[in-house]
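Summary of the model geometry
Take a look at the letters that make up each chain.
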Amino acid sequence: MNKSELISAVAEKAGLSKKDSEAAITAVLDVISDTLAQGEEIRLVGFGTFEVKKREARMGLNPKTKEPVPIAATKVPAFKPGKALKDVVAK
């Protein structure tokens with residue numbers, strides 16, 4: 001499912017126009033992105049947790065030359081599903 005399909009599905013399920021659904025979904029995604037960019041997490045009980053994880057600096061390997069390459073430390077977004085979401089998917 002891509003974003004336009006998600007917008008259509010939300011519009012149908014919530015009884016909203018596609019324009020209103022697009023505005024709502026875009027706003028939710030913007031808030032999630034902004035919150036993660038500030039290093040905070042978002043907990044949605046029953047659904048899951050969006051968080052920022054830190055990856056330590058490490059040494060990688062260039063597959064072509066087999067030489068070691070330093071990989072800098074970075075922060076990456078992560079999602080941990082909640083129990084209710086896991087149960088729905090498992091059925």
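Notes on the structure follow. What you see as residue numbers is a count from 1 along each chain, following the sequence as written. Local features are withheld for residues below a pLDDT of 70 in this predicted model, meaning they are given only at 70 or higher, and side-chain atom pairs are given and counted only at 80 or more; totals for whole chains, interfaces and linings count all residues. Note that water and hydrogens are dropped before the side-chain values are worked out from all heavy atoms of the structure.

Some details on the pairing of strand S4 (residues 68–71)
Short version of the rule: One bridge is not enough; two strands pair if DSSP finds at least two bridges between them. Numbering of helices and strands runs from the N terminus, with a helix taken as a DSSP run of H or I at least four residues long and a strand as a DSSP run of E at least two residues long.
Note that strand S3 (residues 58–61) and S4 share four bridges and pair antiparallel. Bridge pairing links glycine 60 to valine 69 in S4. Counted between consecutive antiparallel strands, the loop separating S3 from S4 contains six residues, among which lysine 66 sits at a positive phi close to 65°.

Observations regarding the pattern of salt bridges
The following threshold applies: By definition, a salt bridge exists where a carboxyl oxygen of Asp or Glu is found within 4 Å of a side-chain nitrogen of Lys or Arg. Exposure categories follow from relative accessible area, calculated using a 1.4 Å probe and restricted to protein chains: below 20% of the type maximum is buried, above 50% is exposed, and the middle band is partly exposed.
All told, the structure shown has three salt bridges when counted by the stated rule. Lysine 83 serves as the salt-bridge partner of aspartate 87, at 2.9 Å between the closest nitrogen and oxygen. Of this pair, aspartate 87 and lysine 83 both sit in helix H3 (residues 83–90), separated by four residues, roughly a single helical turn. For aspartate 87, a relative accessible area of 37% corresponds to the partly exposed category. Overall, lysine 83 belongs to the exposed group, its relative accessible area being 62%.

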